[in-house]
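Here is what each chain is made of, one letter per residue.
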Amino acid sequence: GTVELPGFYVGLMASVYMAGQTIAALIFPQLSDSVLGRKKSIVLGHFALIFPMLMFGFARTYWEAFFWRFLNGALQCNRPITNAVIAEITDETNQAKAYGLGAMSWGTATMLGPSLGGLLAFPARIYPAAFSPSGWWGRALPAALAELWVDYPFLLPCVVAVLWAIVGLVATLLCVPDDRPAVS
C-alpha cells in the first residue's frame, strides 16, 4: 500500500477476513453436517486459527498480511456451526438467552479484539521495559529472539489471539457435548 491511501488499505484488510468468512460459510457448515460433526468442526476451526494468525503476525508486506488474513477468515466458520449446537442443546425456555449470549460474545470480541490489537502492536516501542531487546524479553532470551518484537511489530496481538483460540479450544473440548455422527 501507499501512504496516500491508508483508509483504503485498512478497509481492504478488514474486509478480506469477512470475504474469507463468506466463502467458508457455504462450505464448513455442510462439512460439519455431512462429514465431521459439529464438535469436531468447532475444534478444527480453533486449530485452523493458529497457523494463519501467527503467519499474519510474521508478515513482512501488506499483501502477505492480506493473504494470511483472508485465509484466517476462510478457515474460521465456527459461528454458524455454534448456532446449530445452540439449537440442539437448548429448548424454548432458554434458546433466546443462549442466542443473545452468543451475539453478545461475538459483538464484544469484535469490539475489544481490534482495540486490544492496537494496544499490543509495536510492543518494543510502546512497552520498551518489557519487549525491547534491552527489556526483560531481550535479556531473558537468546540474542536471535531479542529482536522479535522489533522485527515483527504486529506479532504480539496475533500471539494473544492464538492463546485465546486455545482457551476456546479447551472450552469446546470440555463443555460442548459430543454431537450426533455426521450424516452422509
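Residues numbered from 1 in each chain as written. Predicted model: local features only at pLDDT ≥ 70, side-chain atom pairs only at ≥ 80, totals over all residues. Heavy atoms only, no water.

**Considerations on the nonpolar core**
At step 1: Counting residues in hydrophobic clusters, the biggest one holds ten residues: Leu120, Ala124, Ala130, Phe131, Trp137, Leu148, Trp149, Tyr152, Leu155 and Leu156.
At step 2: Within the residue set of this core, elements represented by two or more residues are α7 (128–131), α10 (148–151) and α11 (155–175).
At step 3: Ignoring anything within four residues of it in the chain, the contact list for Trp149 reads Pro123, Ala124, Phe131, Trp137, Leu155, Leu156 and Val159.
At step 4: Counting seven residues, the second-largest nonpolar core is a separate cluster that includes Ala24, Phe28, Ile42 and Ile81. (Core = buried A, V, L, I, M, F, W, Y, C linked by side-chain atoms within 4.5 Å. Buried < 20%, exposed > 50% of the residue type's maximum accessible area, 1.4 Å probe, protein only. Helix = DSSP H or I, 4+ residues; strand = E, 2+ residues; numbered from the N terminus. Contact = heavy atoms within 4.5 Å.)

**Side note on the packing of aromatic side chains**
At step 1: Enumeration over the complete set of coordinates arrives at 14 aromatic pairs.
At step 2: Between the aromatic rings of Trp63 and Phe66, the centroid separation amounts to 5.0 Å while the plane-to-plane angle is 65 degrees, which identifies the pairing as edge-to-face. Taken together, the positions of Trp63 and Phe66, both in helix α3 (residues 62–74) and three residues apart, correspond to about one turn of that helix.
At step 3: Aromatic rings pair up to connect Phe8, Tyr9, Tyr62, Trp63 and Phe66 into one cluster.
At step 4: Looking at Arg69, its charged tip hangs above the ring of Phe56, at a distance of 5.8 Å from the centre.
At step 5: The ring of Phe122 has Arg125 sitting right over it, with the charged end atom 4.2 Å from the ring centre. (Phe/Tyr/Trp six-rings, centres within 6.5 Å; stacked < 30°, edge-to-face > 60°. Lys NZ or Arg CZ within 6 Å of the ring centre and 35° of its normal.)

**Regarding the environment of Gly113**
At step 1: Its location among the elements puts Gly113 in helix α5 (residues 95–120).
At step 2: Judged by relative accessible area, which is 39%, Gly113 ranks as partly exposed.
At step 3: For Gly113 and Phe47, which are 66 residues apart along the polypeptide, the C-alpha to C-alpha distance reads 18 Å.

**Section: a nonpolar patch on the surface**
At step 1: Judged by side-chain polarity, Ile23, Leu26, Ile27, Leu31 and Val35 come together as a nonpolar surface patch covering roughly 460 Å² of accessible area.
At step 2: Mapped onto the secondary structure, Leu26 falls in helix α1 (residues 6–36). (Patch = residues over 30% accessible without salt bridge, like charges linked within 9 Å, V, L, I, M, F, W, Y side chains within 5 Å. Areas by Shrake-Rupley, 256 points an atom, 1.4 Å probe, with all protein chains shown as cover. Salt bridge = Lys/Arg side-chain N within 4 Å of Asp/Glu carboxyl O.)

**A look at the packing of helix α2 (residues 38–58) against α11**
At step 1: Taken N-terminus to C-terminus, the directions of α2 and α11 make an angle of 170 degrees; their axes are 9 Å apart at the nearest point. Between α2 and α11, the interaxial angle falls into the category roughly antiparallel. Between α2 and α11, the contacting residues are Lys39, Ile42, Val43, His46, Phe47, Leu49, Ile50, Met53, Leu54, Phe56, Gly57 and Phe58 on the first element and Leu155, Cys158, Val159, Ala161, Val162, Ala165, Ile166, Gly168, Leu169, Thr172 and Leu173 on the second. (Axes fitted to C-alpha atoms, helices over the stretch in contact; angles between N-to-C directions. Parallel < 35°, antiparallel > 145°, perpendicular 65-115°, else oblique.)

**With respect to unusual backbone geometry**
At step 1: One non-glycine residue, Phe122, lies in positive phi territory at about 55 degrees.
At step 2: If you trace the backbone, Phe122 turns up in the loop between α5 and α6 (123–126).

**Considerations on α11**
At step 1: When the terminal C-alpha atoms of α11 are compared, their 30 Å separation across 21 residues agrees well with the 30 Å that a helix rising 1.5 Å per residue should span.
At step 2: Residues of α11 that are buried include every one of Leu155, Leu156, Pro157, Cys158, Val162, Ala165, Gly168, Leu169 and Thr172, and no others. (Expected span 1.5 Å × (residues − 1).)

**Section: the pattern of salt bridges**
At step 1: What the rule picks out here adds up to two salt bridges.
At step 2: Two residues, Arg38 and Asp33, come together in a salt bridge whose shortest N-O distance is 2.8 Å.
At step 3: Across the salt bridge formed by Glu88 and Arg38, the nearest N and O atoms sit 2.1 Å from each other. Placement of the pair is Glu88 in helix α4 (residues 78–89) and Arg38 in helix α2, with a sequence separation of 50 residues.
At step 4: Take Glu88: its relative accessible area is 40%, and that puts it in the partly exposed class.

**Some thoughts on the confidence of the model for the protein**
At step 1: A residue-level look at the protein finds 96% of positions with pLDDT of 70 or above and a mean pLDDT of 88.
At step 2: No element of the protein has a lower mean pLDDT than helix α9 (residues 143–146), at 80, and none a higher one than α3, at 94. (pLDDT = per-residue confidence, 0-100.)

**Things to note about α5**
At step 1: Across its 26 residues, α5 extends 36 Å between first and last C-alpha, which sits within 8% of the 38 Å expected from 1.5 Å per residue.
At step 2: What α5 keeps buried is the set Ala98, Gly117 and Leu120.
At step 3: Looking one or two places after α5, you find Phe122, whose phi comes out positive at around 55 degrees.

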